[in-house]
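Observations on the model geometry
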Amino acid sequence: MPKISGLQRMDDFAENIPLLICFTGPDGRITGVNGYFAQATGFSRDDLAVMQVFDIVTEKAGTLKETISAICGMQGSVKEVDVLIKRKDGTEFPGILAASAWQRQDSSGKNTVIGMAVTESSRLERANREMEAANKELKRKESLKDEFIAIASHELRTPIQPILGLALLAKKGQISQEEAWDSVLREARRLTQLANDILDVSRIENGTLRYNFARANVSEIIEYVVNALRTSELGKEIDFYIAMNEGARAAYCDLDRQRITQVLMNVIGNAAKFTGKGRVTIEARADAKNSRYDIVVSDTGGGIPEAVLPHMFKKFITRSVGEGEKHGSGLGLFISRAIVAAHNGAIYLYNNDEDDKKGATFVIRLPFEQPARQSSSSG
């Protein structure tokens, strides 16, 4: 029984390309196939050596014999011909065929060779779907970028306008220099924070936000943040209460100290900001069995509107205090969630439903190392 030589008749490209490649003579007798053709049809090369291509490939319109005769006569080519390919088990699958004829010189003289390449329609359709999905995602990201720029530009103008107005009032003598400078400094700090947040958001979305992980005692970071907030303007009428047991005080986490400090400043600072007057409780819980460290921040403010609650970790989402007054750029929680996720942790929030307990609660969950490993810490 004659055998079809695969690699002897085809170069590495034809052998390894994920297309059904087949070579025939003018009579349709198969003289060579690549491995993918044999695999897709289920026929061995020995099976195919005694078959004609018409036994395997049929056109949906017209006949393949006519197509082969036409390209042999013109020494030309055809493309995008809809065909059906028969498998050894009798089932068929659709494909798109391209074929070309050329003269080859061998020991018997000049012979016409027809090369055929078939793309499985399912693969082509899948590739088209993937391309369409990629285009939609690209358009979505482009739209989000435009929206982000528009909102960011508006947010950047918000603190700039008061600065200009205060400077003008001070110049005209309508307010005191001290009052003007205090307000300008407050708005300048707000502007700096917003610029830093926008830069962080850009790095998060581009995957370029860098982290410096090291073992750190979480309770020390909590106490640092709370002490800083106590002495800030936010802490004037807020009672900050820290509750943690010895296990929580002793637990160490592998984390970026600066970024986790940023998260706690955002979350605890927001709790104070939206409480106005009242208490913010920061509870630390170390779960040794599950190696997780929970930081639970509860406030006694007005809670989060139900319509806003599901969107709190999105960009530019803010809630109101008092008579509709909004605080912050709405980027802090988006950034915080990304930072916590990079630490293999989680952050979530809910409103306090108890009758005697108003406000909202944030939970930051981090993995932590057992206290027994503290001795190896470099601090």
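Here, residues in each chain are numbered from 1, in the same order as that chain's written sequence. Predicted model: local features are reported for residues with pLDDT of at least 70 only, side-chain atom pairs are reported and counted for 80 or more only, and whole-chain, interface and lining totals are derived from all residues. Each side-chain value is derived from all of the structure's non-hydrogen atoms; neither hydrogens nor water enter the calculation.

Per an unreviewed UniProt entry, the protein chain goes by histidine kinase and derives from Nitrososphaera viennensis. UniProt positions are given in the numbering used here, feature names are shortened, and annotations may be inferred rather than shown by experiment. In its Catalytic activity (unreviewed entry) section, the UniProt record describing the protein chain reads: "ATP + protein L-histidine = ADP + protein N-phospho-L-histidine."

1. Describing the sheet that holds strand 14 (residues 346-351)
Should DSSP find at least two bridges between two strands, the strands are taken to pair. A run of H or I in DSSP counts as a helix once it spans at least four residues, and a run of E counts as a strand once it spans at least two, with each numbered from the N terminus. Read across the sheet, five strands follow the order 8-10-11-15-14 without closing on themselves; strand pairing throughout is mixed. Sheet topology places strand 8 (238-244) and strand 14 at the edges, where each strand pairs with a single neighbour. Strand-to-strand twist of the sheet, defined as the mean angle between neighbouring strand axes without regard to direction, takes the value 15°. Judged from the seven bridges that link them, strand 8 and strand 10 (residues 278-287) form a sheet pairing that is parallel. Bridge assignment links Ala-243 to a residue of strand 10, and that residue is Glu-283. Packed on one face of the sheet, helix 7 (residues 218-230) meets strand 8, strand 10 and strand 11 (292-299) and runs near 170° to strand 8. Lines fitted to the C-alpha atoms define the axes, with helices restricted to the stretch that makes contact. Angles between their N-to-C directions range from 0 to 180 degrees. Contacts are assigned to residue pairs that have any heavy atoms within 4.5 Å of one another.

2. Focus on helix 7
Along its 13 residues, helix 7 runs 18 Å from first to last C-alpha, staying within 8% of the 18 Å computed at 1.5 Å per residue. All of the buried residues along helix 7 are Val-218, Ser-219, Ile-221, Ile-222, Val-225, Val-226 and Leu-229. Viewed end-on, helix 7 has its buried residues packed into an arc of 160°, placing them on one side of the element. Residue count minus one, scaled by 1.5 Å, sets the expected span of a helix. Each residue is placed in one exposure class: buried if its accessible area under a 1.4 Å probe, protein chains only, is under 20% of its type's maximum, exposed if it is over 50%, and partly exposed if it falls in between. Summarising the geometry, the arc corresponds to the directions from the helix axis toward the C-beta atoms.

3. Side note on the pattern of salt bridges
It is possible for side chains of opposite charge to pair when their charged atoms get near one another. The term salt bridge refers to a side-chain nitrogen of Lys or Arg lying within 4 Å of a carboxyl oxygen of Asp or Glu. All told, the structure shown has nine salt bridges when counted by the stated rule. Across the salt bridge formed by Lys-88 and Asp-47, the nearest N and O atoms sit 3.3 Å from each other. In this pair, Lys-88 is assigned in the loop between strand 4 (77-86) and strand 5 (92-106) and Asp-47 in helix 3 (residues 45-48), connecting sequence segments 41 residues apart. For Arg-279, the salt bridge goes to Asp-239, with nearest N and O atoms at 2.9 Å. You can see Arg-279 sitting in strand 10 and its partner Asp-239 sitting in strand 8, a full 40 residues away along the chain.

4. Re the packing of aromatic side chains
Pairing of aromatic rings covers Phe, Tyr and the six-membered ring of Trp, with a centre-to-centre limit of 6.5 Å; geometry is then stacked below 30 degrees between planes, edge-to-face above 60, and tilted otherwise. Per the counting criterion, the structure on display carries four aromatic pairs. Between Phe-23 and Trp-102, the ring centres sit 6.1 Å apart and the planes meet at 90°, which makes this aromatic pair edge-to-face. On the criterion of sequence distance, the pair formed by Phe-23 in strand 1 (residues 20-24) and Trp-102 in strand 5 is long-range, its members being 79 residues apart. The side chain of Arg-279 reaches across the aromatic face of Tyr-241, ending 4.9 Å from its centre. Note on geometry: a ring has a charge over it if NZ (lysine) or CZ (arginine) is within 6 Å of the ring centre and within 35 degrees of the ring normal.

5. Some words on the environment of Ser-298
The residue Ser-298 is located in strand 11 in this model. We classify Ser-298 as buried; its relative accessible area is 8%. In this structure the C-alpha to C-alpha distance between Ser-298 and Ala-271, which are 27 residues apart in sequence, comes to 7.2 Å. Side-chain polar atoms of Ser-298 contact the side chain of Thr-361, separated by 2.9 Å. Each polar contact in these results corresponds to two N or O atoms within 3.5 Å; when the atoms are within protein, one needs to be able to donate a hydrogen and the other to accept it, and residues that are neighboring in sequence are counted only if both atoms are side-chain atoms.

6. A few points about helix 9 (residues 257-273)
Along its 17 residues, helix 9 runs 23 Å from first to last C-alpha, staying within 8% of the 24 Å computed at 1.5 Å per residue. Of the residues that open helix 9, the one with a side-chain oxygen 3.0 Å from the backbone nitrogen of Gln-258 is Asp-256.

7. Quick notes on the side chain of Asn-217
Relative to the helices and strands, Asn-217 resides in strand 7 (residues 214-217). At 2.6 Å, the side chain of Asn-217 and the backbone oxygen of Arg-249 are in polar contact. In contact with Asn-217, not counting residues within four places along its chain, are Arg-249, Ala-250, Ala-251 and Tyr-252.

8. Things to note about the environment of Leu-64
If you trace the backbone, Leu-64 turns up in helix 4 (residues 64-74). Along the primary structure Leu-64 and Gly-28 are separated by 36 residues, whereas in three dimensions their C-alpha atoms are 9.1 Å apart. Excluding its chain neighbours within four sequence positions, the residues that come into contact with Leu-64 are Val-53, Phe-54, Val-57, Glu-59, Leu-97 and Met-116.

9. So, the nonpolar core
Definition used in this section: a nonpolar core is a set of buried Ala, Val, Leu, Ile, Met, Phe, Trp, Tyr and Cys residues joined via side-chain atoms within 4.5 Å. Judged by nonpolar contacts, the single largest core of 50 residues is most densely connected at Ile-222, Ile-268 and Tyr-293. Sort the elements by how many residues they give to this core and helix 9 lands first, with seven residues. Setting aside anything within four residues of it in sequence, one finds Ile-222 in contact with Ile-242, Met-244, Leu-264, Ile-282, Ala-284, Tyr-293 and Ile-295.

10. Some remarks on the packing of helix 6 (residues 177-206) against helix 10 (residues 332-342)
At a closest axis distance of 10 Å, the pairing of helix 6 and helix 10 adopts a crossing angle of 40°. Here helix 10 runs oblique to helix 6, going by the angle between their axes. Remark: the crossing between helix 6 and helix 10 carries left-handed chirality. Of the residues in helix 10, those in contact with Asp-197, Asp-200, Val-201, Ile-204 and Glu-205 of helix 6 are Phe-334, Ile-335 and Ala-338. Under the scheme applied, nonpolar residues are Ala, Val, Leu, Ile, Met, Phe, Trp, Tyr, Cys and Pro; charged residues are Asp, Glu, Lys and Arg; polar residues are all the others, including Gly. Considered class by class, the residues forming the contact of helix 6 with helix 10 number five nonpolar, no polar and three charged. For classification, angles of less than 35 degrees are called roughly parallel, those exceeding 145 degrees roughly antiparallel, those between 65 and 115 degrees roughly perpendicular, and all remaining angles oblique. Each helix crossing is assigned a hand: it is left-handed if the near helix lies turned anticlockwise from the far helix by less than a right angle, otherwise right-handed if that turn is clockwise.

11. Points about unusual backbone geometry
We note that Glu-80 has phi near 55°; this positive angle belongs to a residue other than glycine. Inspection of the secondary structure puts Glu-80 in strand 4. We note that Asn-344 has phi near 60°; this positive angle belongs to a residue other than glycine. By the secondary structure assignment, Asn-344 is in the loop between helix 10 and strand 14.

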